[in-house]
Amino acid sequence: MMEASDDFCSDETMQQLLAAAGGDSQRGVEAIGGVLEEFPGDPRLHFLRGSLLIGLQRFIEAHAALSRAVELAPDYHIARFQLGLFELTSGEADAAMATWGPLKALPAGHPLATFARGLEALIADRFEQCIEALRAGIAANDENLPLNRDMELVIAQCEALIAARAPSREEVDRTDAVSATSFLLRSLKD
Amino acid sequence: MTRPRRASPGVELLVRPERAEASLWRRFRATGQGRLRESLFDRYRRFAASLARRHARRVDAERDVRDDLEQFAYRGLLEAIDRFDPLKGVPFMAFASARIAGSIVDGMGKLSEWGAQFRFRRRLERERVASLIPSQGAENDKSAVEQLAELVSELAFGLMLAAEERGAPNAISGGADNGFDSLAWRETKVVLHRRVTDLPEPERSVVRQHYQHDLPFAEIATMLGLSRGRISQLHKSALGKLRKSMKAVR
């Protein structure tokens, strides 16, 4: 778990920033920028800024901010998980897995490690395993409830994909017919 | 150069296109890797081609000249990719439009209307042949006839790839079509296409960009950050590999 230090802004300042960010992301980013000048080593500020920048579609800056948060506090597990998730949704599956790597050291059953395991199964197209792990992560997660909603959406998408991928009887028959035609033509030629 | 992971259906499920685009720009700006420049080129190639077509309609260009305009548009696109700053908040297509249009107009001004396409095709063919001819002293264990047979075979695969990419299924086969030949031809094309996909990078990119998008070696060199001579070597090596692997499936 991340330890607080003198590099951190006060909890009161953090609450004010969260209130500003809740009303207007742009205003929130500007307010955080001001506090960061005084506390550039506070990973929470970088994490919050990164999250707001994603909402503002400033993805390049968002990645830099989330990366900085993890760099400053390698044990900031939620920031690490979200950075990996952001990389995965940016099409960087390898980077996401590298980012999540240290989460494997968390105790068995830790929700973030379980979510990461589920998403790694998704990257490998092991959809059933993905669903199983994400469900286990949701059951164990009572700290970051919005994350449960995101993971439920992923489960729903996996289930829809599994349903769409099951071939119909007609498709199986058609494949057989094509193979038979190809075989017949080859026989005639030989 | 390692081949990037091809997005699996699982990854595709979660990828957001606008984030993927930003990721490409971020990594390209950070590393300058040719592979990423190529991904950006692929992403915007149709956009550049559409600007070329629009310009062709405006000036009522002949069919041959339209192909030239596409080449000028691609050149402008590559320049725009190298100069674009994604942090300035201007969408790439807005930034690139003026550069692509400028490249088309400049290119048109420098070439005579009819001769341009002819010269362009001749240049592509000359570079292809020059790349494939064995250098003096090389492969001296083979007879001249064997070397010629290999050259012809490699050129034939090049022509086949070009026909494949232009969607002209019978352009090379010639003669009357019958059920088996048509099927055999299609199967050969499928195998050839698969063999191209299996080529290691950057050979795969060289073949794809040269035959699919008609890019001259010089522009592929710019795209991948390599020398023109190196592209020529990669082209020869790729066609040689294709010839050998196709021989194995005969």
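Since we're looking at a predicted model, the values are computed, not measured.

Participant: Lay out the overall build of chain A in plain terms, naming residues and giving numbers.
Facilitator: Along its length, chain A carries 10 helices and 0 strands. Residue burial in chain A is summarised as follows: out of 190 residues, 38% are buried. Of the contacts formed within chain A by residues at least 6 apart in sequence, a portion of 42% connects residues at least 24 apart.

Participant: Now, about the overall build of chain B: what can you tell me, with residues and values included?
Facilitator: A tally of helices and strands in chain B yields 11 helices and 0 strands. Scanning chain B from its N terminus toward the C terminus, one meets helices and strands in the order α-α-α-α-α-α-α-α-α-α-α. Among the 250 residues that make up chain B, the fraction classed as buried is 31%. The contacts in chain B between residues at least 6 apart in sequence include a share of 67% that link residues at least 24 apart.

Participant: So, unusual backbone geometry: which residues are in play, and what are the values?
Facilitator: Along the chain, glutamate 201 of chain B connects to proline 202 of chain B via a cis peptide bond; the corresponding omega equals 5 degrees. Its place among the elements puts proline 202 of chain B in the loop between helix 8 (179–198) and helix 9 (203–212). Phi at glutamine 57 of chain A is positive, roughly 65 degrees, even though this residue is not glycine. Mapped onto the fold, glutamine 57 of chain A is located in the loop between helix 3 (43–55) and helix 4 (59–72). Of note, the phi angle at aspartate 125 of chain A is positive, near 60 degrees, even though the residue is not glycine. Examined against the element boundaries, aspartate 125 of chain A turns out to sit in the loop between helix 7 (111–123) and helix 8 (127–140). The class of aspartate 125 of chain A is partly exposed, set by 16 C-beta atoms lying within 10 Å.

Participant: Residue-level account of the nonpolar core, with values.
Facilitator: If you look at the biggest cluster of nonpolar residues, it comprises 50 residues, and the most contacted ones within it are Leu66, Ala69, Leu122, Cys130 and Leu134 of chain A. With 8 residues, the single largest contributor to this core is helix 7 of chain A. With residues near it in sequence (within four places) discarded, leucine 66 of chain A still touches Phe47, Gly50, Ala79, Gln82, Leu83 and Phe86 of chain A. By size, the runner-up hydrophobic cluster in this structure holds 38 residues, among which are Phe72, Tyr74, Leu199 and Leu224 of chain B.

Participant: Outline the interface of chain B and chain A, supporting the account with residue identities and numerical values.
Facilitator: When the parts of a complex come together, some accessible area is lost, and that lost area is often taken as the interface size. Contacts between chain B and chain A engage 22 residues on the former and 23 residues on the latter. Counting only elements with at least two residues in the side of chain B that touches chain A, the list comes to helix 1 (9–14), helix 2 (17–31) and helix 8 of chain B. Looking at which element gives the most residues to the side of chain B that touches chain A, the answer is helix 2 of chain B, with 7 residues. In terms of residue class, the side of chain B that touches chain A is made up of 13 nonpolar, 4 polar and 5 charged.

Participant: Describe in detail the environment of glutamate 38 of chain B, supporting the description with residues and values.
Facilitator: Residues and elements named next belong to chain B. Mapping glutamate 38 onto the fold places it in helix 3 (residues 34–58). Between the alpha carbons of glutamate 38 and methionine 223 there is a distance of 6.1 Å; along the sequence they are 185 residues apart. If near-sequence neighbours (up to four positions away) are discounted, glutamate 38 is found in contact with Ser205, Met223 and Leu224.

Participant: Tell me what's going on with the confidence of the model for chain B, and back it up with residues and numbers.
Facilitator: All names here are of chain B. When pLDDT is averaged across chain B, the result is 79; 71% of the residues are at 70 or more. Helix 2 holds the highest mean pLDDT among the elements of chain B, 95, whereas helix 7 (residues 144–165) holds the lowest, 67. Under a pLDDT of 50 for its full length, residues 168–176 has, in the predicted model, 8 contacts with residues more than four places off or in other chains. The ipTM, which scores confidence in the relative placement of chains, is 0.83 for this predicted complex, and the corresponding pTM is 0.70.

Participant: So what's going on with the confidence of the model for chain A? Residues and values would help.
Facilitator: Here chain A averages 88 in pLDDT, and 86% of its residues register 70 or above. This stretch, residues 178–190 of chain A, has a pLDDT under 50; its non-local contacts, to residues over four places away or in other chains, come to 6 contacts.

Participant: Give me the lowdown on the environment of arginine 44 of chain A, citing residues and values where you can.
Facilitator: All names here are of chain A. Structurally, arginine 44 is set in helix 3. Linking arginine 44 and phenylalanine 8, residues 36 residues apart in sequence, is a C-alpha distance of 8.0 Å. Every residue in contact with arginine 44, bar those within four places of it in the chain, is listed here: Phe8 and Met14.

Parameters and conventions
Note on numbering: residues in each chain are counted from 1, in written sequence order. Chains carry letters and ligands carry numbers; both start at the beginning, A for chains and 1 for ligands, and go up in the order they are written. Local features in this predicted model are restricted to residues of pLDDT 70 or higher, and side-chain atom pairs are both shown and tallied only at a pLDDT of 80 or more, whereas totals for entire chains, interfaces and linings draw on every residue. We count a stretch as a helix when DSSP gives it H or I for four or more residues in a row; a strand needs E for two or more, and each element gets its number in order from the N terminus. In this scheme every C-beta is placed from the backbone, and a residue whose C-beta has 20 or more other C-beta atoms within 10 Å is buried, one with 12 or fewer is exposed, and one in between is partly exposed. C-beta atoms are first placed from the backbone for all residues, and any pair lying within 7 Å is then listed as a contact. Only buried Ala, Val, Leu, Ile, Met, Phe, Trp, Tyr and Cys residues enter a nonpolar core, and they are joined through C-beta atoms within 7 Å. Side-chain classes are defined by residue name, with Ala, Val, Leu, Ile, Met, Phe, Trp, Tyr, Cys and Pro counting as nonpolar, Asp, Glu, Lys and Arg as charged, and the others, Gly among them, as polar. The predictor attaches a confidence to each residue, and that confidence, scored 0 to 100, is pLDDT.

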